[in-house]
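Spelled out from the first residue to the last, the chains are:
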Amino acid sequence: MSAQLVLRQRAELVQALCCGGTPEGLESILDLLLSWGALVWEDYLSVCVAGKTLCCRTRELLDLVYSKGEFACCHLLAAFSQVLPDAQKNNLSFGKCSDVQNFQEMPTSATLTLLNDRPGMVTKLRHCVDGALDVLFQQGFLTSSECEGIQLPVYTSSQQVRRLLDLVQFKGEGAAKVLLQFLQKIPMTVLPPNKNEKPTKSAFVSEFQKKLCSSISAQFHFLSTYSGTGKFSLDDIYTEGLLELGQGGKNTQLSLNLEDVVGRVGTLNKEADTVLVSGEAGCGKSTFLQRLLLLWARKAALHNYLLLFPFSCRKLNTEERELSLKELLFLHCCWPDSDQDELFQFILDHPHLVLFTFDGLDEFKQTFSDDQRHCCPTQPAKVSVLFFNLLQGSLMKGVQKLVTSRTEAVPPTLRKYLCKEVLLKGFSTDGIDCFVRKHHSDPGIASRVLESLRSNTALLGLCHIPVFCWIVSKCYKELLGFGNSSLQTITDVYLMVLHHFFHHRISKGKRSEKGWVHDHFDTIMHLGKLALQGLQKSHYIFSETEVQNCGVTEDDIGRGFLIQSKNISFDNKHYEFLHVTMQCFFAALFITLDSSSDKLTIQRLFETECMAKGCLGILQAKKPDGPPSTEAPNLQITSTFVSGLLSQRHQGLLLQCCPIQTLHRKSKLVVKYVSRGMQNHFKSIPRPVKGEKKSMHAMPSFVWLTKCIYEMQDSKVAKNVVAKLDVEHLKLTYCNIGPLECSALAFVLQHLKSPVGLQLDSNAVGDVGVEQLLPCLHVCHSLYLRNNNISDEGIAKLVEKGVQCDTFKKIALFNNKLTDGCTQHLAYLLKTKKNFLSLRLGNNNITAAGAEQLAEGLRCSQSLQFLGLWGNKVGDKGAQALAGAMENSQALVWMSLVDNGVGSAGAQALAKVIQNSTTLEELWLSKNCITRDGVLYLVQALEKNSSVTSIWLRGNNLSPEEVEEFSLKERRLTF
Ligand SMILES: Nc1ncnc2c1ncn2[C@@H]1O[C@H](COP(=O)(O)OP(=O)(O)OP(=O)(O)O)[C@@H](O)[C@H]1O
């Protein structure tokens with residue numbers, strides 16, 4: 001019975017012990033099994049061999065116990081029941097084993113006593129390991145290097161005791177007796193009350209947990225962008241964003257839910273315990289974290305964690321003291337009212353029950369480095385040293401860490417310490433809908449706002465980034481009142497919010513003839529100066545003195561762009577901008593309007609970017625004397641705003657505050673540096689290898705420069721910039737390209753002289769992005785959009801434009817959200833476009849009905865050479881329809897129906913076409929359910945065919961003998 005339970009729940013038992021990443025659970029179970037005699041010493045040693053992973057050791061324990069039979073299995077279940085926290089036990093069954101008794105005979109030696117009472121020993125000795133080591137050393141049982149080995153700070157105190165007990169066991173009776181004598185002499189007061197080291201929630205932990213929960217609930221109830229209005233709690237406005245696994249994960253398009261982020265899904269490195277949530281500015285990283293924290297505080301999520309410590313990197317920047325880990329936890333997160341030492345000990349002993357979160361790694365002043373090791377939890381160190389060692393796992397191994405950062409600011413050195421990366425991709429189109437409806441209690445207004453967004457897809461594209469969605473919703477009066485067609489760029493959107501805030505809080509009488517920017521010039525410049533100075537120093541929280549030194553007045557603060565910092569531990573008032581992108585916008589306004597900001601300021605803004613991010617390679621480590629590389633993303637956003645503000649279209653607005661000559665001069669400089677950046681980029685394109693296409697793998701700085709040009713909305717600049725670009729293939733995979741970037745790319749690339757293959761695989765293009773790309777479709781001979789969340793709606797628009805573009809010949813749509821709803825459009829494309837060459841639709845949801853429609857298109861196409869349908873569900877019916885169409889279309893060279901549920905009937909139909917085909921070269925039919933009969937048809941067909949070079953049939957319903965027989969009979973069949 002118990003053995004059955006162990007076998008049946010094997011996966012869950014392994015998961016229960018390994019999910020925390022810490023060996024504490026496994027080791028506690030081993031302690032119990034040894035003490036109950038369910039394992040002997042040799043068994044224990046065989047499980048504990050050094051160098052094996054935690055999961056490997058756990059599985060070995062399960063194998064061993066299972067092989068020992070019912071007694072051992074029952075005790076194993078009992079041990080799990082004692083050791084696991086309640087939340088983890090819910091899904092496990094322990095049969096009648098949860099309460100086994102220890103019937104061990106009285107031990108007859110000191111070593112046996114240590115073994116029988118091992119769990120108790122671990123608890124008792126945990127508080128006095130050093131004393132025990134001293135005694136054993138003085139009596140000659142241990143050497144100094146053995147003592148040091150045990151005391152290494154990488155071990156928790158429980159692990160130190162276990163290592164000591166193991167060594168004493170090895171040394172024999174004499175050492176064991178000394179240890180027992182030592183234990184008898186320890187005053188009872190130092191012994192903790194619990195008999196076993198089971199992670200029961202002692203009163204002090206519960207008390208602290210309560211305090212932590214209420215402090216988190218209070219701190220994160222409102223979003224900072226809504227403070228001042230006090231209108232929305234996070235519960236009212238929170239809208240799910242798109243979460244996906246990052247590059248390197250097996251299934252990158254898998255959507256994750258909130259809890260999956262810290263769960264096991266998508267783990268790449270099991271030994272690491274830091275999860276990174278990354279995404280671009282304003283995509284909702286902090287808000288996501290805020291939501292997670294609130295849910296934990298209400299016990300609605302992350303039940304496995306007893307304690308959660310939320311850190312803000314912005315706030316950590318302000319810490320100048322050296323702190324111990326204990327001080328860092330308690331001073332920066334929540335101060336325990338009593339029992340600090342016990343609580344900290346509990347944390348050290350149960351790292352798997354603790355979660356640390358760090359918001360905004362990109363805002364941390366120092367770039368991550370793993371140069372300096374710091375393993376000791378009690379020794380003070382600089383905050384950066386503590387932080388980096390926590391992330392690496394040198395300090396408090398086993399505690400799960402969750403870090404958020406802008407994607408482009410993640411240092412490559414950090415990656416090896418990540419157990420996985422999760423990408424936050426902002427709102428889906430439905431998400432935008434949901435957010436706008438939550439934002440406006442009046443459904444009529446919400447509908448009008450949404451209607452207005454749908455009529456301006458450039459603006460809709462922007463709204464996939466939540467911060468823009470918030471601005472657009474907040475400024476809905478401006479949006480609806482003045483017509484939205486002029487709103488194209490992020491500069492337009494931020495000018496709108498500026499206008500909104502100024503008008504919102506000023507009486508009508510105060511407005512002058514000279515325009516609203518002029519009316520608020522002083523405020524803009526005061527805040528702009530503060531913003532720029534901050535960005536230059538990675539400074540986001542400002543003291544009252546800093547605010548005053550920039551001339552910011554109470555009245556300026558009253559406008560609402562600066563809000564009081566939420567970091568409650570400050571003694572004096574501190575301020576931060578409503579959102580960091582707002583700080584960038586004010587910095588950009590200052591650079592644009594300040595008469596003393598000169599050539600050098602603009603040059604530095606664009607060239608530091610280029611140096612730090614692109615031309616020298618984004619993967620380069622920060623130079624010691626260079627700008628902080630973590631700051632580069634914000635300077636990049638600032639420069640994008642500068643490009644927009646200096647564009648022709650906004651000159652009228654700024655003219656009253658700045659001479660036209662100055663604006664012209666600055667604008668020319670921006671054009672010059674952007675063009676130069678682009679040219680440098682093009683120069684870095686390697687010469688093509690003989691026989692290969694000339695290809696450019698764009699760096700993220702290319703996307704940024706494109707966005708700067710888009711902000712200018714000046715076609716002439718776009719045309720000049722790409723005039724000299726001569727490539728056949730432009731690769732922009734994994735570049736975080738969403739609809740906004742698509743608008744920018746299309747704006748620039750439409751001026752290319754000769755057509756390119758545009759490869760945008762693994763981005764976040766979506767249907768709106770597809771629509772934004774249409775203006776450059778006529779210069780794309782191929783479009784690669786694998787992994788991009790595109791649905792049938794996007795395809796309908798793509799085809800509508802595609803049929804008009806003569807050069808457009810190939811499309812790859814592997815792994816999107818396509819169904820039979822798009823096949824009629826694709827069929828139309830095949831029928832209409834007489835030169836279309838390649839259609840790849842793998843890993844979508846196309847069934848027989850869709851295949852029948854595609855077949856209709858194929859029947860009329862005399863040009864299609866490649867048709868990929870790998871991983872759909874076309875079945876026999878679909879295969880038969882396609883085969884029928886192939887009889888007419890004589891151009892097809894390659895077709896894949898891998899993993900499509902095709903059986904022998906489908907194979908028979910395909911065989912019929914093969915018999916007469918003179919063009920088909922490769923047919924992929926692996927992973928289907930074709931039997932001997934089906935293969936026989938194919939063999940017969942091949943006898944009459946000379947064009948086919950291979951038919952792939954791996955993973956069909958054939959016996960090894962049949963595979964061998966057919967391989968010998970027809971060498972063009974590949975099994
Ligand atoms: N899931 C969400 N639901 C509702 N609103 C959101 C959501 N995510 C973001 N927002 C809105 O967008 C604003 C910006 O989001 P947030 O600060 O979380 O972005 P971020 O990715 O952390 O930005 P940055 O990298 O610039 O710090 C929020 O203040 C809020 O108004």
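Residues numbered from 1 in each chain as written. Predicted model: local features only at pLDDT ≥ 70, side-chain atom pairs only at ≥ 80, totals over all residues.

**Details of the overall build of the protein chain**
- Scanning the protein chain for helices and strands turns up 47 helices and 20 strands.
- By residue count, 49% of the 975 residues in the protein chain fall in the buried class.
- Across the protein chain, the fraction of contacts at a sequence separation of at least 24, relative to all contacts at a separation of at least 6, is 80%. (Helix = DSSP H or I, 4+ residues; strand = E, 2+ residues; numbered from the N terminus. Buried ≥ 20, exposed ≤ 12 C-beta atoms within 10 Å, placed from the backbone. Contact = placed C-beta atoms within 7 Å.)

**Observations concerning helix H43 (residues 848–860)**
- Between its first and last C-alpha, H43 extends 19 Å over 13 residues, near the 18 Å set by a 1.5 Å rise per residue.
- Along H43, the residues classified as buried are Ala848, Gly850, Ala851, Glu852, Gln853, Leu854, Ala855, Gly857 and Leu858.
- On its buried face, H43 sits against helix H42 (823–832) and helix H44 (875–886). (Expected span 1.5 Å × (residues − 1).)

**Thoughts on the nonpolar core**
- One finds Phe468, Val493, Ile709 and Leu882 to be the most contacted residues of the largest nonpolar core, which totals 244 residues.
- Not counting chain neighbours up to four residues away, the residues in contact with Leu882 comprise Ala851, Leu854, Ala855 and Leu858. (Core = buried A, V, L, I, M, F, W, Y, C linked by C-beta atoms within 7 Å.)

**Quick look at the UniProt feature "domain: NACHT" (unreviewed entry) in the protein chain**
- Following the UniProt record, one finds the feature "domain: NACHT" (unreviewed entry) at residues 273–409.
- This span, residues 273–409, is 33% helix and 18% strand, and a straight line between its end C-alpha atoms measures 20 Å. (UniProt positions renumbered as here; feature names shortened; annotations may be inferred.)

**Regarding the sheet that holds strand S2 (residues 274–279)**
- Taken in spatial order, the six strands make up an open sheet running S1-S6-S2-S5-S4-S3, and their pairing is mixed. Of all the strands in the sheet, the pair left with one neighbour each is strand S1 (243–245) and strand S3 (307–312). Direction aside, the axes of adjacent strands within the sheet are offset by 20° on average.
- Direction of pairing for strand S4 (residues 354–359) relative to strand S5 (residues 400–406): parallel, over a ladder of four bridges. Directly across from Phe356, in S5, lies its bridge partner Lys401. (Pairing = 2+ DSSP bridges. Axes fitted to C-alpha atoms, helices over the stretch in contact; angles between N-to-C directions.)

**Concerning the sheet that holds strand S8 (residues 562–564)**
- The antiparallel open sheet is built from three strands, whose spatial order is S7-S9-S8. The sheet is open, and its two edges are formed by strand S7 (542–543) and S8, each paired on a single side.
- Where S7 lies against strand S9 (residues 574–577), two bridges are found, and the strand directions are antiparallel. What sits directly across from Ser543, in S9, is His574.

**Brief notes about the packing of helix H32 (residues 580–593) against helix H34 (residues 632–645)**
- Taken N-terminus to C-terminus, the directions of H32 and H34 make an angle of 50°; their axes are 8 Å apart at the nearest point. Classified by the angle between their axes, H32 and H34 sit oblique to one another. Two packed elements cross with a definite hand, and for H32 against H34 that hand is right-handed. Mapping the contact onto sequence places Val580, Thr581, Cys584, Phe585, Ala587, Ala588, Leu589, Ile591 and Thr592 in H32 and Asn634, Ile637, Thr638, Phe641, Val642 and Leu645 in H34.
- Grouping the amino acids of the contact of H32 with H34 by side-chain chemistry returns eleven nonpolar, four polar and no charged. (Parallel < 35°, antiparallel > 145°, perpendicular 65-115°, else oblique. Left-handed = near helix turned anticlockwise from the far one by under 90°. Nonpolar A, V, L, I, M, F, W, Y, C, P; charged D, E, K, R; others polar.)

**Some details on the environment of Met895**
- In this structure, Met895 sits in strand S17 (residues 894–896).
- Taking the C-beta count within 10 Å as the criterion, Met895 has 24 such neighbours and is therefore assigned buried.
- Put simply, Met895 and Arg840 are 55 residues apart on the chain and 9.4 Å apart in space, counted from C-alpha to C-alpha.
- Sequence-distant contacts of Met895, defined by excluding residues within four places in its chain, comprise Leu867 and Leu923.

**A look at the environment of Thr974**
- When you line up the elements, Thr974 lands in strand S20 (residues 973–974).
- On the basis of neighbour count, Thr974 is assigned to the partly exposed category, with 16 C-beta atoms found within 10 Å.
- With residues near it in sequence (within four places) discarded, Thr974 still touches Ser950, Ile951, Trp952, Leu953 and Arg954.

**What about the pairing of strand S6 (residues 418–424)?**
- A large share of S6 lies buried, amounting to seven of its seven residues.
- Sheet topology note: the S1/S6 ladder contains three bridges and is antiparallel. Residue pairing in the sheet places Leu245 in a bridge with Val422 of S6.
- Of the pairings in the sheet, the one linking S2 to S6 comprises five bridges and is parallel in character. What sits directly across from Leu276, in S6, is Glu421.

**Comments concerning unusual backbone geometry**
- The phi angle at Met396 is positive, at roughly 55°, despite the residue not being glycine.
- Relative to the helices and strands, Met396 is located in the loop between helix H20 (383–392) and S5.

**Points about helix H10 (residues 129–138)**
- Every buried residue of H10 is listed here: Val129, Ala132, Leu133 and Leu136. Projection of H10 onto a plane perpendicular to its axis shows the buried side chains occupying an angular sector of 100°, all on one side. In H10, the exposed residues that point more than 90 degrees away from the buried face are Asp130 and Gln138.
- Elements in contact with the buried residues of H10: helix H9 (118–125), helix H11 (144–151), helix H12 (157–171) and helix H13 (173–185). (Arc of directions from axis to C-beta.)

**Some words on the pairing of S4**
- Most of S4 is tucked away: six of the six residues are buried.
- Because side chains alternate across S4, one face comprises the buried residues Val354, Phe356 and Phe358, and the other comprises Leu355, Thr357 and Asp359, equally buried.
- By the bridge criterion, six bridges tie S3 to S4 in an arrangement that is parallel. By the bridge assignment for S4, Phe311 is matched with Phe358.
- One crossover worth recording links S4 to the parallel S5 by way of H20, and it is right-handed. (Right-handed = clockwise from strand over helix to strand, strands pointing away.)

**Comments concerning the packing of H10 against H13**
- Between H10 and H13, whose axes approach to 10 Å, the crossing angle comes to 135°. Considered as vectors, H10 and H13 are oriented oblique to each other. When the axes of H10 and H13 are compared, the crossing they make is right-handed. Where H10 abuts H13, its residues Ala132, Val135 and Leu136 lie against Ala175, Val178, Leu179 and Phe182.
- Here the residues of the contact of H10 with H13 sort into seven nonpolar, no polar and no charged.

**Points about the confidence of the model for the protein chain**
- For the protein chain, per-residue confidence averages 85 on the pLDDT scale, and 89% of positions sit at 70 or higher.
- Considering only residues more than four positions removed or in separate chains, one finds that residues 188–199, a stretch of pLDDT under 50, has 22 contacts.
- Contacts of residues 609–629 to residues separated by more than four positions or lying in other chains number 43 contacts, the stretch itself having pLDDT below 50.
- In the model output, the complex is listed with pTM 0.73 alongside ipTM 0.99. (pLDDT = per-residue confidence, 0-100.)

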